[in-house]
Amino acid sequence: MESIVLCITGASGSIYGLRLLEVLYEKGFQIDLIVSSAGALVLKEELELSVKDLQEKFPKVRLVSEKAVGDKIASGSRLVKYKGVVVAPCSMSTLSSVANGINQNLIHRVCETALKERVPLVLLIREAPYSVIHIENMLRVARAGGIIIPASPAFYHKPKSVQEMVDFVVGKVLDALRIEHELFKRWKS
């Protein structure tokens with residue numbers, strides 16, 4: 001069974017993290033889930049869900065505290081066995097910490113470890129507009145080997161609902177990890 005680390009931070013767009021969790025869970029992935037304290041607040045505000053609700057809905061998911069910096073997924077020798085690390089949504093604060101090698105919690109540490117071990121790292125950025133600092137931080141992470149995906153839905157597939165727009169973005173994350181899906185219709189010329 002393949003494993004994924006999924007992190008939900010305090011950016012708006014917790015629906016992306018939830019949908020990704022649903023899809024990966026349905027596909028049978030072993031998921032280590034880290035929800036930052038700010039991520040928990042946004043999850044409650046936007047979706048009226050608590051971390052406890054996630055535990056109940058996804059009982060096979062391993063929930064790890066952002067404070068557990070000594071957890072096994074912080075170790076490069078353990079993380080190399082993972083299909084990837086995803087931060088969805090990724091706050092600008094988390095992006096900044098990852099771009100600058102600052103480890104204030106387990107999410108930052110796991111991202112740093114993914115970069116050094118060449119484990120795919122996907123940051124689903126949810127912010128608008130970008131400042132020059134945001135853009136420079138995205139460039140730093142991309143140069144280090146991370147994959148930056150803006151939470152920007154496309155419209156060529158003519159989405160008819162917010163869910164279809166969310167699925168498009170989540171599908172792009174899955175594409176980056178080379179995980180097959182049918183969340184949206186591919187571009188046809």
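Quick caveat: nothing in here was measured; it's all calculated off a predicted structure.

What is the right way to look at unusual backbone geometry in this model?
As a rule of thumb, non-glycine residues mostly have phi less than zero, and peptide bonds are mostly trans rather than cis. Here Ala 88 and Pro 89 are connected by a cis peptide whose omega angle stands at -5°. Note on placement: Pro 89 falls in strand E4 (residues 84-90). For the bond running from Ala 128 to Pro 129, omega is -10°, close enough to zero to count as cis. By the element assignment, Pro 129 lies in the loop between strand E5 (121-125) and helix H7 (132-143). Of note in this structure, Glu 48 is not a glycine but carries a positive phi near 55°.

Help me understand the sheet that holds E4, please; the structure alone is not making it clear to me.
Either a parallel or an antiparallel arrangement is found when strands of a sheet pair, and the pairing is made through backbone hydrogen bonds. One open sheet accounts for six strands, arranged E3-E2-E1-E4-E5-E6; its pairing is parallel. Each edge of the sheet is formed by a strand with only one pairing partner; in this case those strands are strand E3 (62-64) and strand E6 (147-150). Between one strand and the next, the sheet's axes are offset by a mean angle of 20°, whatever the strand orientation. Along the sheet face, helix H6 (residues 106-117) touches strand E1 (3-8), strand E2 (30-35), E3, E4 and E5 and points at about 135° away from the line of E4.

Please clarify how the packing of helix H5 (residues 92-99) against H6 should be interpreted in this entry.
Think of two packed helices as two axes; the pair is described by the angle between the axes and how far apart they sit. As a packed pair, H5 and H6 sit with axes 9 Å apart at the nearest point and diverge in direction by 45°. Judged by the inter-axis angle, H5 sits oblique to H6. H6 is crossed by H5, and the crossing has right-handed handedness. Of H6, the residues touching H5 (which contributes Thr 94, Ser 97 and Val 98) are Ile 107, His 108, Cys 111 and Leu 115.

The rules behind each value
- Position numbers for residues count from 1 along each chain, tracking the sequence in the order it is written.
- Residues qualify for local features only when their pLDDT is at least 70, as the model is predicted, and side-chain atom pairs are given and counted only at 80 or more; totals for whole chains, interfaces and linings, by contrast, use all residues.
- Only heavy atoms go into the side-chain values, all of them from the structure, while hydrogens and water stay out.
- What counts as a helix is a DSSP run of H or I of at least four residues, what counts as a strand is a run of E of at least two, and both are numbered from the N terminus.
- Two strands pair under a simple rule: DSSP has to find at least two bridges between them.
- Orientation is described by axes fitted as lines to C-alpha atoms, over the contacting stretch for helices, and by angles from 0 to 180 degrees between their N-to-C directions.
- We call two residues in contact whenever any of their non-hydrogen atoms come within 4.5 Å of each other.
- Roughly parallel here means an angle under 35 degrees, roughly antiparallel means over 145, roughly perpendicular means 65 to 115, and every remaining angle is called oblique.
- Crossings are sorted by hand: turned counterclockwise from the far helix by less than a right angle, the near helix makes the crossing left-handed, and turned clockwise it makes it right-handed.

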